[in-house]
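Residue strings, one per chain:
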Amino acid sequence: MDTARRDLVRIEVIGLPRPGAFVAIASVTWKEWAAFRSHMLVSLFSGPMRFLLMMWIWKATTARSGGAVGLTTEGLVAYSALAIVVGFLVFDFADWNLQMLVRTGAYVNHLLHPMHHAWFAFSQKLGHRALALLLEAVPVWILVSLFLGRPLVPRNPGWFAVSVVLGFLLMFVVNYASGLAGFWLVRAEGLRRCILLLRDTLSGSVIPLSFFPLAVQPFLLCTPYPWILYIPLSLATGHVELAGRIYEPHAIVALQAGVLVGSLLVLAVLDRVSRAKFLAAGG
Amino acid sequence: MSLWSKARGHVALHLEGVRLGIAVRLSDRLDFLASLLVMMGIEFLPSLVTALLYRGGLTFPGWTLHDAILVQGVYLLAKGLAYPLFGGMVWNTANMVREGTFELLLLLPRHPLQSCVVRAFDAEDLGKLAGGLALAGWSMAGMDLPGILPLVGFASLMGLSVVVLLASAIAMSSLLIVWVGNFRVYEIFEGLATLGQFPPTILPKRLRSLGVVGFPFAALAVLPASALLGKPLDGVWWAVLSTGLLLAGALSLWNVLLRRLVGAGG
């Protein structure tokens, strides 16, 4: 029993796969998802609806004050619009996928692959997010710009782009790490959704984090979630305020990169410990 | 068979569905507890947003924080009644059609829609009911007890709200008979329904009457809460009419799309 388990763990190749492998997996994922493109098109309705709701809320509530938490009404509306568009770009379900593979035992196939499963999952993310850029993010961006009557262009476009890429990577790392709970629990679905709820609240996808009490904000920043979405979004509004302090764009992007590196290290350790629990028994 | 024993058979069937639904979830209690909590927590998001807005000095015009939270509490109560009973049918239909097991429902000696509802009981959605009670309780705590008439109005409008949710569940399940495996169909519904989770004064003036025609999202929570608060019930009869039409439309959609079921799965 014990030797068998150790053998399974030994069959793994850590290290960067060839670039061709990324492209091949990503393009297959693109094809797989393109077959279900009508599912993605649901976003063309739900995305703009979420935007309209938030726009109406901001307009109704800030009618007298003209803004809140350092942002004008237009700034708040732009924040919510970009939250939806960037949300499509960084979206990820590596947690669900990994837990499904472990529960069914199909993960064993990945132990036999000449690449670590995390690389495989990341390539898949590249594939389906490339499709989402085409089918979700760009169309919704156009629709939202039509509503606003002007193209929705973020401030600090360069830093914003870098920050979205970092958020994209961080989202994957955080989700993959929470997916590792599948190695420890038989049914991890409830826990996964708890984490998802926490992620969506603390990433600032619903409301800017600067609305939270000042005393709570430092604790929020100790979690990885605000660094996924809130940082790129606040760069886009041009008002980067964390726990009551204003930051320069380059400083905040450097901090974000630091959080990414830290999370990667934590993921590497968690992955090592969790994989050892794998029994290749599922169903 | 007499009418009485027929009715008893139907009730027994649905109770068996409830019993099975609970038994399945009790097989893993930790997961069940986490699911209960998350079903409650997810629905608290609009209330969190509302509370944070009011904390930041922003308000929905004409509605206090307690009033606004009451709308969200009522929304959760309606969902907490409706979702455990038949919310799961959307998910079930999607799964069964995709796997190719939906045809088994057609072999059962009941209407397939009823078989679908019986299998739908999902105990984790009771978390929504608990959440609704908590929110409504909090917002009513400081208020005077409403009289009999507002309470009767509230109870009937709650019924209306549950019917809107039932009609939506049937319409979504029908779509999933032909739109195979699209679990995102919930998002279409949620996109419309969240408009009903906030006081109607957030909508631009000329759009406010949209809440009672077509998809009557105002009937989900705004109207029952207004009855409790003694606020005007604008367009309530329109809402009743729209709900009737919605239910009739959903049922005929089910019948039409069921005929287009293609039994290919696995």
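Each remark here, short or long, concerns the structure printed above.
Remember, it's a predicted structure, so these values are computed and weren't measured experimentally. (Residues numbered from 1 in each chain as written. Chains lettered and ligands numbered in written order. Predicted model: local features only at pLDDT ≥ 70, side-chain atom pairs only at ≥ 80, totals over all residues. Heavy atoms only, no water.)

(A) Structural context of the overall build of chain A. Along the backbone of chain A there are 13 helices and four strands. Its C-alpha atoms give chain A a radius of gyration of 20 Å, within 12% of the compact-globule value 19 Å for 283 residues. Taking the principal axes of the C-alpha coordinates as reference, chain A spans close to 70 × 45 × 35 Å. In chain A, which comprises 283 residues, the proportion classed as buried is 52%. Pairs at least 24 residues apart make up 80% of the contacts formed inside chain A by residues separated by at least 6 positions. When the accessible surface of chain A is totalled, it reaches about 12,800 Å², and 70% of it is carbon and sulfur. In chain A, the 22 positive side-chain charges and the 13 negative ones have mean positions that sit 3 Å from each other. (Helix = DSSP H or I, 4+ residues; strand = E, 2+ residues; numbered from the N terminus. Rg over C-alpha atoms; globule rule 2.2 N^0.38 Å. Buried < 20%, exposed > 50% of the residue type's maximum accessible area, 1.4 Å probe, protein only. Contact = heavy atoms within 4.5 Å. Areas by Shrake-Rupley, 256 points an atom, 1.4 Å probe, with all protein chains shown as cover. Lys, Arg positive; Asp, Glu negative; His and termini not counted. Charge placed at Lys NZ, Arg CZ, Asp CG, Glu CD.)

(B) How the structure looks around the packing of helix 7 (residues 148-178) of chain B against helix 10 (residues 236-258) of chain B. Residue and element names in this part refer to chain B. Orientation of helix 7 relative to helix 10, taken along the N-to-C sense of each, is 25°, at an axis distance of 8 Å. With respect to each other, helix 7 and helix 10 are oriented roughly parallel. Crossing handedness for the pair helix 7 and helix 10: left-handed. Classifying every residue of the contact of helix 7 with helix 10 by side-chain character gives 22 nonpolar, three polar and no charged. (Axes fitted to C-alpha atoms, helices over the stretch in contact; angles between N-to-C directions. Parallel < 35°, antiparallel > 145°, perpendicular 65-115°, else oblique. Left-handed = near helix turned anticlockwise from the far one by under 90°. Nonpolar A, V, L, I, M, F, W, Y, C, P; charged D, E, K, R; others polar.)

(C) Examining the nonpolar core more closely. Residues and elements named next belong to chain B. Met89 and Phe102 are the most contacted members of the largest nonpolar core, which totals 140 residues. Among the elements that make up this core, the one with the highest residue count is helix 3 (residues 65-99) (15 residues). If we skip the residues at most four places from it in the chain, Met89 touches Leu113, Cys116, Val117, Ala120, Ala169, Ile170, Ser173 and Trp254. (Core = buried A, V, L, I, M, F, W, Y, C linked by side-chain atoms within 4.5 Å.)

(D) Seen up close, helix 2 (residues 19-34) of chain A. Residue and element names in this part refer to chain A. With 16 residues, helix 2 extends 22 Å between its outermost C-alpha atoms, agreeing within 8% with the 22 Å of an ideal straight helix rising 1.5 Å per residue. Listing the buried residues of helix 2 in full gives Ala21, Phe22, Ile25, Ala26, Thr29 and Ala34. Close packing links the buried residues of helix 2 with helix 3 (37-40) and helix 8 (117-148). (Expected span 1.5 Å × (residues − 1).)

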